[in-house]
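Residue-level structural notes
Okay, here's what each chain looks like letter by letter:
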Amino acid sequence: TGLRKYRKASAWYGRALYYARELGAKAHRATVLNNLSRAQSEMGRTSRAIRLCLDGLKLRRELGADLPIVLSHNTLALIFNDQNRPEEAWREAAKAMAYARRIEDSRALGLALIPLGEALRRLATPEIRFGRTGRETPEAIYDAAQEVLDEAHLIFSDLEDTASKEPLRLIETKNEMGCLF
């Protein structure tokens, strides 16, 4: 089952984390923490997942590694979207998007745009909007979601850019685009 797969992954990540700590390999430790956080989220351990991801993000900030920082913010967005917490998800995805634009990494940008589109879509739904007093109309939020997903679609369908030619990301993007309707 999926749960067993994530338990096994978590066990291996735990071993890798031990060795990364022993060696003082901060960059590797941050990567393992990021991956472990995603596995923990998939197992329903949200608080732990967020804490682990934030620990990895802190290490990445200490190292000044922009691309890995993008990936940490993106992972946080994915975790928050998984927990139907679009308010936090869109903020993290927007941070990932901003870093990706700054370092001009199209693949990282595309990765950030997918959860941003999902979070915006969720924000526009009546269940999430209930009790919120935002100035944005659901239509404006859906339009923004469509815009970022269109950009992700362009990135992952660009046959000239080998760094962003990822059919699975294109499927993810198209799937999320379909959820808008």
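Residues numbered from 1 in each chain as written. Predicted model: local features only at pLDDT ≥ 70, side-chain atom pairs only at ≥ 80, totals over all residues. Heavy atoms only, no water.

Before going further, it helps to examine the pattern of salt bridges. Inspection of the entire model under this criterion finds 13 salt bridges. With its nearest N and O atoms 2.7 Å apart, the salt bridge here joins R169 to E172. With R169 and E172 both in helix α9 (residues 167-179), this residue pair falls 3 residues apart, about one helical turn. Residue class for R169 comes out partly exposed when judged on its relative accessible area of 25%. Judged by relative accessible area, which is 35%, E172 ranks as partly exposed. Among the charged side chains, a salt-bridge network with shared partners connects R107, E166, R169 and E172. (Salt bridge = Lys/Arg side-chain N within 4 Å of Asp/Glu carboxyl O. Helix = DSSP H or I, 4+ residues; strand = E, 2+ residues; numbered from the N terminus. Buried < 20%, exposed > 50% of the residue type's maximum accessible area, 1.4 Å probe, protein only.)

With that settled, the discussion passes to the layout of surface pockets. Vacant regions in the atomic arrangement are exposed by a probe of water-molecule size rolled over the atoms. Its boundaries defined by the atoms lining it, the largest pocket holds a volume of some 470 Å³. N35, R38, T75, L78 and R169 are the residues nearest the centre of the largest pocket, which is lined by 20 residues in total. With 6 residues, the single largest contributor to the lining of the largest pocket is helix α2 (residues 26-42). Looking at the lining of the largest pocket residue by residue, the class counts come to 9 nonpolar, 5 polar and 6 charged. In this structure, the second largest pocket spans a volume of roughly 180 Å³. Contributing to the lining of the second largest pocket are L78, N81, D82, I114, P115, E118, R121, E172, N175, E176 and C179. In terms of residue class, the lining of the second largest pocket is built from 4 nonpolar, 2 polar and 5 charged. (1 Å grid on protein atoms, 1.4 Å probe; cavity = no way out; pocket = protein on both sides within 12 Å on 5 of 7 lines; lining within 4 Å. Points joined across faces, edges and corners; volume = space filled by probe spheres on them. Nonpolar A, V, L, I, M, F, W, Y, C, P; charged D, E, K, R; others polar.)

Our next topic: the packing of α2 against helix α4 (residues 66-82). One way to put it is that α2 packs onto α4 with a least axis distance of 10 Å and a crossing angle of 5°. Compared by their axis directions, α2 and α4 come out roughly parallel. Residues N34, S37, R38, S41 and E42 of α2 lie in contact with α4, whose contacting residues are L71, S72, T75, L78, I79 and D82. Classifying every residue of the contact of α2 with α4 gives 3 nonpolar, 5 polar and 3 charged. (Axes fitted to C-alpha atoms, helices over the stretch in contact; angles between N-to-C directions. Parallel < 35°, antiparallel > 145°, perpendicular 65-115°, else oblique. Contact = heavy atoms within 4.5 Å.)

Here the focus is the nonpolar core. Grouped together as the largest cluster of nonpolar side chains are 26 residues, with contacts concentrated most on M97, L109, L113, L116, L120, V148 and F156. Contributing elements (two or more residues each) for this core: α4, α5 (86-103), α6 (106-124), α8 (138-156) and α9. Broken down by element, the residue count for this core peaks at 10 residues, all from α6. The residues touching L109, leaving out its near neighbours within four places in the chain, are M97, A100, R101, E151 and I155. (Core = buried A, V, L, I, M, F, W, Y, C linked by side-chain atoms within 4.5 Å.)

Under the criterion given, the structure shown has 1 aromatic pair. For R15, the ring lying beneath its charged end belongs to W12, and the centroid distance is 4.4 Å. (Phe/Tyr/Trp six-rings, centres within 6.5 Å; stacked < 30°, edge-to-face > 60°. Lys NZ or Arg CZ within 6 Å of the ring centre and 35° of its normal.)

A word on the environment of R91. If you trace the backbone, R91 turns up in helix α5. A relative accessible area of 41% places R91 in the partly exposed class. When the C-alpha positions of R91 and A27 are compared, they lie 24 Å apart, and in sequence the two are 64 residues distant.

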